[in-house]
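What the coordinates show
Given next are the chains, with one letter for each unit.
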Amino acid sequence: MLADRTPIVIHCVQGFISPLLANLYLNPLDHEVAEGGWAMVRYADDFVVLCHTKEEAETVLAFLREWTSAAGLSLHPTKTRIVNAVTEGFDFLGWHFRGGRKWPRKKSLQKLQEKMRALTGRTNGPGLSEIIAKVNPILRGWHGYFRESHRTGLSGPDGWLRRRLRAMLRKREKRPGYGLNEADSRRWPNRWFAARGLFSLEHGSCSYG
């Protein structure tokens with residue numbers, strides 16, 4: 001379990017490399033780490049080694065530095081670090097892991113919000129039904145990857161998107177504001193958006209509210 005280990009979060013090759021090339025280069029490392037009795041999770045050149053103690057983590061890190069140097073590779077100078085998985089947590093493959101839980105990392109949320117902003121501006125011309133038709137495929141795809149998140153990791157972006165849509169609806173009624181007050185939530189409650197087919201990340205469907 002992550003909760004009782006200290007993971008080393010490692011990007012072992014500086015720059016970009018294809019997963020296929022990374023697997024060719026790092027396959028021997030996979031075997032040597034396993035032979036050393038250490039637990040490693042790797043995707044291409046990104047990997048995490050889970051250790052029971054800080055001392056063990058330092059031993060593993062020294063081994064990795066030696067191995068990558070001999071292979072003509074290098075560990076990323078800033079992304080390679082030892083962290084406590086309980087108190088600090090770490091990012092890996094779009095997720096943030098901490099205290100035995102996981103949720104989308106900040107950068108993943110920011111990327112989702114950037115896509116949503118482009119489609120939900122308060123002065124956007126399309127009607128709500130057309131906007132929902134455009135955002136739903138993005139939301140479903142995002143949910144497909146992050147559906148195992150702790151619930152707050154999904155309810156947060158759900159609420160953020162509905163607030164943007166309420167602000168847009170206010171604007172179209174020529175009323176100032178950003179859809180943040182209680183009156184707007186009563187006028188356009190969550191079930192109102194569900195009835196119009198807006199996909200919910202938290203519920204994984206259009207049935208909620």
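Definitions and limits used
Residues numbered from 1 in each chain as written. Predicted model: local features only at pLDDT ≥ 70, side-chain atom pairs only at ≥ 80, totals over all residues. Heavy atoms only, no water. pLDDT = per-residue confidence, 0-100. Contact = heavy atoms within 4.5 Å. Salt bridge = Lys/Arg side-chain N within 4 Å of Asp/Glu carboxyl O. Helix = DSSP H or I, 4+ residues; strand = E, 2+ residues; numbered from the N terminus. Buried < 20%, exposed > 50% of the residue type's maximum accessible area, 1.4 Å probe, protein only. Core = buried A, V, L, I, M, F, W, Y, C linked by side-chain atoms within 4.5 Å. Patch = residues over 30% accessible without salt bridge, like charges linked within 9 Å, V, L, I, M, F, W, Y side chains within 5 Å. Areas by Shrake-Rupley, 256 points an atom, 1.4 Å probe, with all protein chains shown as cover. Pairing = 2+ DSSP bridges. Axes fitted to C-alpha atoms, helices over the stretch in contact; angles between N-to-C directions. Polar contact = N/O pair within 3.5 Å; in protein donor to acceptor, adjacent residues only side chain to side chain. Expected span 1.5 Å × (residues − 1).

Looking now at the confidence of the model for the protein. For the protein, mean pLDDT is 88; residues scoring 70 or higher make up 89% of the total. Confidence drops under a pLDDT of 50 for residues 10-15, and excluding neighbours within four residues, the segment shows 30 contacts in the predicted structure.

Here we come to the pattern of salt bridges. Applying the stated criterion to the full structure yields six salt bridges. Taking the shortest distance from any N to any O, the salt bridge between E173 and R187 comes out at 2.6 Å. In this pair, E173 is assigned in the loop between helix 5 (152-172) and helix 6 (182-187) and R187 in helix 6, connecting sequence segments 14 residues apart. Take R187: its relative accessible area is 44%, and that puts it in the partly exposed class. Between R186 and E182 there is a salt bridge, with the nearest N and O atoms lying 3.2 Å from each other. Residue R186 and its partner E182 are located together in helix 6, separated by four residues, close to a single helical turn. Given a relative accessible area of 58%, R186 falls into the exposed group.

In this structure, L139, L165 and L198 are the most contacted members of the largest nonpolar core, which totals 30 residues. Of all the elements in the fold, those that place two or more residues in this core are strand 3 (46-51), strand 5 (90-92), strand 6 (95-98), helix 3 (106-119), helix 4 (128-146), helix 5 and helix 7 (190-195). Broken down by element, the residue count for this core peaks at seven residues, all from helix 4. Setting aside residues up to four positions removed in sequence, L139 forms contacts with L112, M116, L161, L198, F199 and L201. Listed in part, the 15 residues of the second largest apolar core include W38, A57, W67 and L75.

Moving on to unusual backbone geometry. Across residues other than glycine, the phi torsion is negative in most instances, and most of the peptide bonds are trans. Here A44, not a glycine, exhibits a phi torsion of approximately 55 degrees, which is positive. Turning to its location among the elements, A44 is positioned in the loop between strand 2 (39-43) and strand 3. Classification of A44 as buried rests on a relative accessible area of 7%. Phi at L93 takes a positive value of approximately 55 degrees, unusual for a residue other than glycine.

So, on to a nonpolar patch on the surface. Where nonpolar side chains cluster on the molecular surface, the patch consists of L20, L21, L24 and Y25 and spans about 440 Å² of accessible area. By secondary structure assignment, the location of L20 is in helix 1 (residues 19-35). Of the residues examined, L20 reaches a relative accessible area of 61% and is grouped as exposed.

Taken in spatial order, the three strands of this open sheet run 5-6-7, and their pairing is antiparallel. Looking at which strands have only one partner, the edges of the open sheet turn out to be strand 5 and strand 7 (101-104). Along the sheet, successive strands turn relative to each other by an average axial angle of 30 degrees, direction set aside. With four bridges joining them, strand 6 and strand 7 adopt antiparallel strand pairing.

Attention now moves to the side chain of S200. Here S200 is to be found in the segment after helix 7. Reaching out from S200, the side chain makes a polar contact with the backbone nitrogen of E202 at a distance of 3.3 Å. Setting aside residues no more than four positions away along its own chain, S200 makes contact with D158, S205 and Y208.

For helix 4, with 19 residues, the first-to-last C-alpha span of 25 Å sits near the 27 Å given by 1.5 Å per residue. Inspection of helix 4 places L128, I131, I132, V135, N136, L139, W142, H143 and F146 among the buried residues, and these make up the whole buried set. Next to the buried residues of helix 4 lie strand 6, strand 7, helix 3, helix 5 and helix 7.

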